[in-house]
Amino acid sequence: MLIRLTGECLEVANTGAPLTAGGVSAAATMRASAKRAGISVGHFGVGFAAVLSVTDAPELISWAGGVRWSREASRAAVAAVPSLATELEQRAGHVPVLRLPYPVASPTVPDGYDTVVRMPLAAGAPAFARRLLESLDPTLLLVLPALAAVVVELDPKSGAAPEVSGRTFTCTWDGPDATLDGKHWTGVIHRGKLDRDLLATRGVEEQSRDTYEIRVLMPEAEWPEHVPKVLRAPQPTDEPLSFPALVVGSLPVDPGRRRIVPGPLADRLLDDIVAALVELAERTGDLRLVPTALPAGPVDAAIADALRDRLPEARMLPGGRRGADAVVLDLGPANDTVSDLLRGDLPALLPARFTGPRWAAARRVLGVTEIGAGELVTMLAGLARSPAWWSALYPALRAIADRDALAALPVPLADGRTVTGPRGVLLLGAGLDASALTGLPLRLADPVVSSGASGELLRGLGAIDADPAALLADPAVTGDDVPYQAVLALVAALGDGHHGVPDDLGERLLLPGDDGELWPAAELLLPSGPLAQVASPDAPFGRLTAEVAHAYDPAVLAAAGVLRTFSVLRASDVLLDPDDSVLLALDASDEWVAQLPAGAGPVVSEFTAIRDLELVRWPAALAVLAGPEMRADVLGSPYTCWWLSAHPVMPGGLLPGETALPGELEVLYEPAPEGFDADFLAAIGVRTSVSALAEPADLYDLLDRLGDPHRDVDWPPARRLYLEVTALLEQMDASDEEPPDFVRTPSGAVPREHAAVVDRPDLLPLLGSRAALRVPTERAAIVARLLGVAPASSLTYEVVGERPLQVRDADGTVQKVAWFGGLHDGTPEGRARAQAWSSGRWHDRHALAAALRDPDAIDALAAEADLDS
């Protein structure tokens, strides 16, 4: 066929049977076709009428002759008949153009063709014709199998796009299959004979044709763009289809040729269309033919329902399988690789192209069994494969998001076994000497799957890198039947510092003691270690056999848990409760918690303590704790410092609080041992100064020592201590403390009831038998209250004479005094003191006395006073 648009004319030429008189009659008489027998298209003259959409004067010409029609000629011929003039007028001049054919005087046909329809274009028609030709549906060649090629020639002057100005569509056939413009279409053709009963309601022409043809074709590629998915009968109808197949059938259509006429004939042909589609599905195995979307229309719905019933039994899947006989993997991106690996083990497994969410609905319609990650792992458990096979599988499984489904994934081990589940499996890391693993019952993965993408998958599923620290953390490496030499080799492999040794390794690792028994390493003493030198004879420790002790670096043995020196307990977020599991492991921890201040706790974020303090000999162990290895941990542990302060760890069985460093307190306490730094001794409770005593009990202990009659303490330092201690006690709540029984005075230590705190200077000679405790008068009341000593002013006195001044003292004895209150004996000394005290200028008493003795000396005294501090 040639379609040519040139200037104002559209030509359509073809090869085939030339025009005959019967053909002219059919074209000029609607629904009276000259075609009767056989399977062909175009039977009723309807198609030719379409020429009137672009022309008023079409021509139909063959090389044997031709006819033409003309709207103007027909109108003139009708107008010439008087009996039709009125009818023409009522029709406003409209006439049926194709009723009156006229001969073509000089018929011409394009070279190589047999017939041409030539259409001089009416006004406005060229643009319309151009649009129609630009959108020409190439599947026309599939609908009309006898049409081998269509050549489209558009004059560039017509405004057509350059890429469509000259196009040729070709189609070749191989049985039911076609190649359209180089693209393959797989087809199925059904032909048959119709029962007369089915044609009874159709027109005469249709009743005379009792054969039918069904043709369904599907492209290997995607559905062509701009090709409508509609039922063709054989011309395109308005019945939409939802599946990508060209369906052509001799179906009954309405007069407008747009809709299928329902009824037995349509049902019969639609049933054959479904059968052809099922056959096409079996030929192609294309899941696009499985209906999954909403129907596009009633005809499409009828076809889809029938396909859903029949396709599950169709053998459209690879190997000629039905859907129920096939399985498919539902593993996302892992489908391709896993499908290839399992092909030999699972013959029913569909190729990877059938997997993925795109075909999920189609697989459900067909009844295909889907294998997800969980089912896959269950199936893999029964396979015996080489580590290389597993190494090819694991990288693909990394894309599976459902990690729980992979929890039981088989893993090949280095010893040839295959275990279930990667959790806890060890991956041999680079640089680890495999000889260190000899004798260790480990689930060590085969090296082939321990690295790269395989190793990453196994780590994500709980496998552990088999570095020495990870191996030591595995309880299996410390069983009764595990050689301790391998464990110690792993500890040594950690290198300097041995970082990564599990905290509980000392409890799990069994080593030989010198008694021939196996002991947990944490209960064995290193014979040459500091702790072995100070441990109590009855301590529950064993001693490591000398053979093992000499064979290994002491640092390796200590890292493995052997007790070289004191163990340091470290923990986080420790609850300050006596029943806390961490504190239960420490001696007297309940007492320590009980004496903590109210604001402490309730949780210590970082806790440190020295263990086994109750199991060593004192004071020998003190040097170990004060040494450079342990000192920082001791000073950083409030519990340890408290324990040492509360136990007799000092020479002579003394508490640290019973000793003092050299200084202001050395006369009251035993001297602290030499050879220890002051900060360490202070931290464990050794006395350093009064200001360092933070508890009332400690300050009253100092007061007791200060008043001890068996101690020789001079009054000046004693007076200074009284003032310093009472100043501190004044700021504390000391209501629960008892005052000392004895107090220190210038005349020595006396019972506190035999002393008086001098709070008035005029009472100094009037205390009788009481010892005077002399402090600044402004501090006298505080000192008296805190020491439980009576103030001098609280005693009874009586003036018995003024000339001379005589006063009865606290014992009732009359004493001659220079002054008493505001009274004085008239001497400069007595008068000066009485005036200085009464005026609140006690510090000026000496200057005032000197002025009274020599009034002329006042200026000199004032000058000297200017030089005082």
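Before any of the text, the structure's been laid out above.
Thresholds applied
- Residues numbered from 1 in each chain as written.
- Predicted model: local features only at pLDDT ≥ 70, side-chain atom pairs only at ≥ 80, totals over all residues.
- Heavy atoms only, no water.
- Helix = DSSP H or I, 4+ residues; strand = E, 2+ residues; numbered from the N terminus.
- Rg over C-alpha atoms; globule rule 2.2 N^0.38 Å.
- Buried < 20%, exposed > 50% of the residue type's maximum accessible area, 1.4 Å probe, protein only.
- Contact = heavy atoms within 4.5 Å.
- Areas by Shrake-Rupley, 256 points an atom, 1.4 Å probe, with all protein chains shown as cover.
- Lys, Arg positive; Asp, Glu negative; His and termini not counted.
- Charge placed at Lys NZ, Arg CZ, Asp CG, Glu CD.
- Salt bridge = Lys/Arg side-chain N within 4 Å of Asp/Glu carboxyl O.
- Axes fitted to C-alpha atoms, helices over the stretch in contact; angles between N-to-C directions.
- Parallel < 35°, antiparallel > 145°, perpendicular 65-115°, else oblique.
- Nonpolar A, V, L, I, M, F, W, Y, C, P; charged D, E, K, R; others polar.
- Pairing = 2+ DSSP bridges.
- Patch = residues over 30% accessible without salt bridge, like charges linked within 9 Å, V, L, I, M, F, W, Y side chains within 5 Å.
- 1 Å grid on protein atoms, 1.4 Å probe; cavity = no way out; pocket = protein on both sides within 12 Å on 5 of 7 lines; lining within 4 Å.
- Points joined across faces, edges and corners; volume = space filled by probe spheres on them.
- Left-handed = near helix turned anticlockwise from the far one by under 90°.
- Polar contact = N/O pair within 3.5 Å; in protein donor to acceptor, adjacent residues only side chain to side chain.

Caption draft 1: A look at the overall build of the protein. Helix and strand counts for the protein come out as 30 helices and 38 strands. Taken against the 2.2 N^0.38 rule, which gives 29 Å for 869 residues, the C-alpha radius of gyration of the protein at 59 Å runs more than 25% over that of a compact globule. For the C-alpha atoms alone, the extent of the protein along its principal axes is close to 180 × 85 × 50 Å. Counting every position in the protein, which comprises 869 residues, the buried fraction comes to 45%. Taking contacts inside the protein between residues at least 6 apart in sequence as the whole, the part at least 24 apart equals 61%. Carbon and sulfur atoms make up 53% of the accessible area of the protein, which amounts to about 41700 Å² in all. Computed over 73 positive and 118 negative side-chain charges, the separation of the two mean positions in the protein equals 15 Å.

Caption draft 2: Up close: the pattern of salt bridges. Tallied over the entire structure, the rule returns 36 salt bridges. A salt bridge links D177 to R283; its shortest N-O distance comes to 2.8 Å. Of this pair, D177 sits in strand β9 (residues 177-180) while R283 sits in helix α7 (residues 264-284), placing them 106 residues apart in sequence. E213 is paired through a salt bridge with R191; the nearest N and O atoms lie 2.7 Å apart. On the criterion of sequence distance, the pair formed by E213 in strand β11 (residues 211-219) and R191 in strand β10 (residues 183-193) is long-range, its members being 22 residues apart. A relative accessible area of 14% places E213 in the buried class. Taken together, the shared-partner salt bridges connect R4, E11, E59, R118 and E153 into one network.

Caption draft 3: Representation of the packing of helix α26 (residues 715-730) against helix α27 (residues 777-787). At a closest axis distance of 10 Å, the pairing of α26 and α27 adopts a crossing angle of 80°. Relative to α27, the element α26 is oriented roughly perpendicular. Taken together, the residues of α27 that come into contact with α26 (itself represented by Y722, L723, T726, A727, L729 and E730) are R779, I782, V783, L786 and L787. When its residues are assigned to classes, the contact of α26 with α27 shows eight nonpolar, one polar and two charged.

Caption draft 4: Region of interest: the sheet that holds strand β36 (residues 814-816). What the three strands build is an open sheet, ordered β34-β35-β36; its pairing is antiparallel. In the strand order of this sheet, the two ends are held by β34 (798-802) and β36, each with one partner. For this sheet, the mean angle separating the axes of adjacent strands, direction not counted, is 25°. The pairing of strand β35 (residues 805-808) with β36 spans three bridges and is classified as antiparallel. Its bridge partner lying in β36, R808 is registered against V814.

Caption draft 5: Spatial organisation of a negative patch on the surface. On the surface, a cluster of negative charge is made up of D704, E738, D741 and E753. Positionally, E753 belongs in the loop between β30 (748-751) and β31 (755-758). Classification of E753 as partly exposed rests on a relative accessible area of 48%.

Caption draft 6: Fine view of the layout of surface pockets. By volume, the second largest pocket amounts to about 1200 Å³. For the lining of the second largest pocket, the secondary structure elements donating two or more residues are α16 (505-508), α19 (554-559) and β25 (568-575). A class-by-class count of the residues in the lining of the second largest pocket yields 23 nonpolar, eight polar and 11 charged.

Caption draft 7: Examining the sheet that holds strand β32 (residues 771-774) more closely. Read across the sheet, three strands follow the order β32-β31-β33 without closing on themselves; strand pairing throughout is parallel. The strands lining the two open edges of the sheet, one partner per strand, are β32 and β33 (790-791). Pairing analysis gives four bridges linking β31 to β32, with the strands arranged parallel. Looking at β32, one finds that A756 is bridged to A772. In the packing of α27 onto the sheet, contacts are made with β31, β32 and β33, and the angle to β31 comes to roughly 150°.

Caption draft 8: The arrangement of the packing of helix α28 (residues 828-838) against helix α29 (residues 845-853) in detail. Packing of α28 against α29 leaves a shortest axis separation of 8 Å and a crossing angle of 135°. As the angle between them shows, α28 and α29 are arranged oblique. The handedness of the crossing between α28 and α29 is right-handed. On α29, the residues touching P828, E829, R831, A832, R833, Q835 and A836 of α28 are R845, H846, L848, A849, L852 and R853.

Caption draft 9: Expanded view of the side chain of R508. Along the chain, R508 falls in helix α16. Here the side chain of R508 touches L472 through a polar contact of 2.6 Å, landing on its backbone oxygen. With near-sequence residues (within four places) excluded, R508 lies in contact with L472, A473, D474, P475, V477, T478 and P502.

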